[in-house]
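# Commentary on secondary and tertiary structure
Here is how the chains run, residue by residue.
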Amino acid sequence: MYFPSYDAGGVCCEPRYLPKYVDEQLSLSAFVDELLLGPMTNRYGRVFPRGTKAEYCFAGDDGQGGKTLYVGLSRDALFAGELLSVREEVDLLRLNIVKNFTYLNKIDVAIDGVSVYEE
């Protein structure tokens with residue numbers, strides 16, 4: 001998992017071992033929940049501010065043979081964290097997901113029910 005670093009001024013990788021679920025939805029939800037808990041080391045910061053929760057997290061077919069991940073975050077994600085702006089937080093969330101779930105074609109992130117930064 002990638003987290004912002006207090007020391008390096010960028011992002012750093014922290015190895016995290018999660019259970020391997022047969023169910024794709026469980027794997028995605030567990031990964032996002034674990035990422036929102038934050039890093040295990042005190043030299044890295046959180047991706048989103050403390051209290052941010054995943055309101056939903058599921059993958060669906062995009063109609064073109066690929067998959068789209070839909071992630072809904074609580075209102076707490078709107079408050080910029082210590083190290084990153086809200087835009088950078090969303091980008092880092094996407095980076096973490098893409099690096100670990102390469103079969104996803106698109107990631108749609110919503111905060112407080114509103115889709116943000118569509119790409």
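Further up the page is the structure itself.
Attention in this report is confined to the structure presented alongside it. Computed from a predicted model, the values in this text were never measured in an experiment.

The next point concerns the packing of helix H1 (residues 24–37) against helix H2 (residues 86–100). For the pair H1 and H2, interaxial distance at closest approach is 11 Å and the crossing angle is 140°. Comparing their axes, H2 and H1 come out oblique. With respect to the hand of their crossing, H1 and H2 are arranged in right-handed fashion. From H1, Phe31, Val32 and Leu35 reach across to H2, where they touch Leu93, Asn96, Ile97 and Asn100. Grouping the constituent residues of the contact of H1 with H2 by class yields five nonpolar, two polar and no charged.

This paragraph deals with the pairing of strand E5 (residues 104–111). Across the eight residues of E5, six count as buried, placing the element largely inside the fold. Here strand E4 (residues 67–73) pairs with E5 via seven bridges, running parallel. Across the sheet, residue tyrosine 70 finds its bridge partner in E5, namely aspartate 108. Of the pairings in the sheet, the one linking E5 to strand E6 (residues 114–116) comprises three bridges and is antiparallel in character. Looking at the pairing, valine 109 lines up with valine 116 of E6. Between E5 and E6, which follow one another and run antiparallel, lie two residues, and aspartate 112 among them has a positive phi close to 55°.

By the element assignment, threonine 68 lies in strand E4. Overall, the relative accessible area of 4% leaves threonine 68 in the buried class. Between the C-alpha atom of threonine 68 and that of asparagine 105, which follows or precedes it by 37 residues, the distance is 5.8 Å.

The rules we used
- Residues numbered from 1 in each chain as written.
- Predicted model: local features only at pLDDT ≥ 70, side-chain atom pairs only at ≥ 80, totals over all residues.
- Heavy atoms only, no water.
- Axes fitted to C-alpha atoms, helices over the stretch in contact; angles between N-to-C directions.
- Helix = DSSP H or I, 4+ residues; strand = E, 2+ residues; numbered from the N terminus.
- Parallel < 35°, antiparallel > 145°, perpendicular 65-115°, else oblique.
- Left-handed = near helix turned anticlockwise from the far one by under 90°.
- Contact = heavy atoms within 4.5 Å.
- Nonpolar A, V, L, I, M, F, W, Y, C, P; charged D, E, K, R; others polar.
- Buried < 20%, exposed > 50% of the residue type's maximum accessible area, 1.4 Å probe, protein only.
- Pairing = 2+ DSSP bridges.

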